[in-house]
Amino acid sequence: MADFATGGTQQQPKGWNALRKHVMDYKIDVALWATRIANLIFTIGYFIPLFWNPYNAYYKALMANAATSALRLHQRLHPVSFTRQFFMQLMTEDSCHYLFYAMIFLYVPPVTLVLLPVALFSLLHSASYSLQLLDTLGQNSWWGARLAISVVEFQSRNILRLISFSEIFLMPFTVVLILLGRAGLFTPFMYYQFLVMRYRSRRNPYTRNMFLELRALLENTANKPSTPAFLRNMIMSIVTFTCRLAPEVPAQ
């Protein structure tokens, strides 16, 4: 009975040696964590240019996001096969969406809003994995970091909603970029394809839900007695046009 009790309460070893073993055993997961941390560092470097040129930091943040997306695709869809089924599965992966996102804006002059969704995704995913790394070091390690991670995880739903709102808001903003001479004519069309993929995402319904929330908000505003007729007609025209562009969502 004593041996059974001892074996049942045996804990995994903690400390730097355990962390080193974890890194060797989960190389891709650790690489994903590192590229997400790099994305956050370069994003901060763009807003607070102490160590880098903000122009270079902006594109390094996008490239870090592209590296994260590519690694995640390798992890989820390995090995690669040149078949229609593989291609269709590729298009459903959120990592593929954000790899496409990075490719769109790598050829556009820096736009601050572009970094918001990728930085927030990096914050969410790196926070959860950082907690796992801290657990490997030991329960009492870096309590300040644990507190910050708990705040991020507590706000995860609001962060995901903010990401989805920024994805949607960037669509009309790309049109404004054309008028300002800061984007090519094909940028809105490529971004529309990205937004379609986000709308149809199976793993992340937040973009689709945000569209529904915005539609309800606009329709409620248009139906208020105090709303002028010209504004009501404009709002309903925008809602009707947007609904016409919405793709069909495949069965889950």
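Source: prediction; values computed, not measured. (Residues numbered from 1 in each chain as written. Predicted model: local features only at pLDDT ≥ 70, side-chain atom pairs only at ≥ 80, totals over all residues. Heavy atoms only, no water.)

(A) Quick peek at the overall build of the chain. Regarding its fold elements, the chain presents 12 helices and zero strands. Going residue by residue from the N terminus, the α and β elements of the chain occur as α-α-α-α-α-α-α-α-α-α-α-α. With the principal axes as the frame, the chain shows a C-alpha extent of 80 × 45 × 45 Å. When each of the 252 residues of the chain is scored for burial, the buried share is 37%. Within the chain, counting contacts between residues at least 6 apart in sequence, those at least 24 apart form 69% of the total. (Helix = DSSP H or I, 4+ residues; strand = E, 2+ residues; numbered from the N terminus. Buried < 20%, exposed > 50% of the residue type's maximum accessible area, 1.4 Å probe, protein only. Contact = heavy atoms within 4.5 Å.)

(B) Structural detail: the UniProt feature "transmembrane region" (unreviewed entry) in the chain. When the UniProt feature table is mapped to this numbering, "transmembrane region" (unreviewed entry) covers residues 30-52, 98-124 and 168-192. Here residues 98-124 is 78% helix and 0% strand, with 15 Å between the C-alpha atoms at its ends. Its end C-alpha atoms 10 Å apart, residues 168-192 is made of 72% helix and 0% strand. (UniProt positions renumbered as here; feature names shortened; annotations may be inferred.)

(C) Structural detail: the nonpolar core. Membership of the largest hydrophobic core comes to 42 residues, with the highest contact counts inside it found for Y58, Y101, F105, V114 and Y191. Secondary structure elements with two or more residues in this core: α3 (27-47), α4 (54-76), α6 (94-105), α7 (112-137), α8 (143-154), α9 (156-179), α10 (187-199) and α11 (206-222). Other than its neighbours up to four places away in sequence, V114 contacts Y58, L62, Y101, F105 and L170. Core analysis: the second largest hydrophobic core is formed by five residues, L73, L77, F86 and L90 among them. (Core = buried A, V, L, I, M, F, W, Y, C linked by side-chain atoms within 4.5 Å.)

(D) Main features of the layout of surface pockets. Its boundaries defined by the atoms lining it, the largest pocket holds a volume of some 870 Å³. Looking at the lining of the largest pocket, the elements with two or more residues in it are α9, α10, α11 and α12 (229-245). Here the lining of the largest pocket takes seven residues from α9, the largest share from any one element. Taken together, the residues of the lining of the largest pocket sort by class into 25 nonpolar, one polar and one charged. Looking at the second largest pocket, its volume works out to about 590 Å³. (1 Å grid on protein atoms, 1.4 Å probe; cavity = no way out; pocket = protein on both sides within 12 Å on 5 of 7 lines; lining within 4 Å. Points joined across faces, edges and corners; volume = space filled by probe spheres on them. Nonpolar A, V, L, I, M, F, W, Y, C, P; charged D, E, K, R; others polar.)

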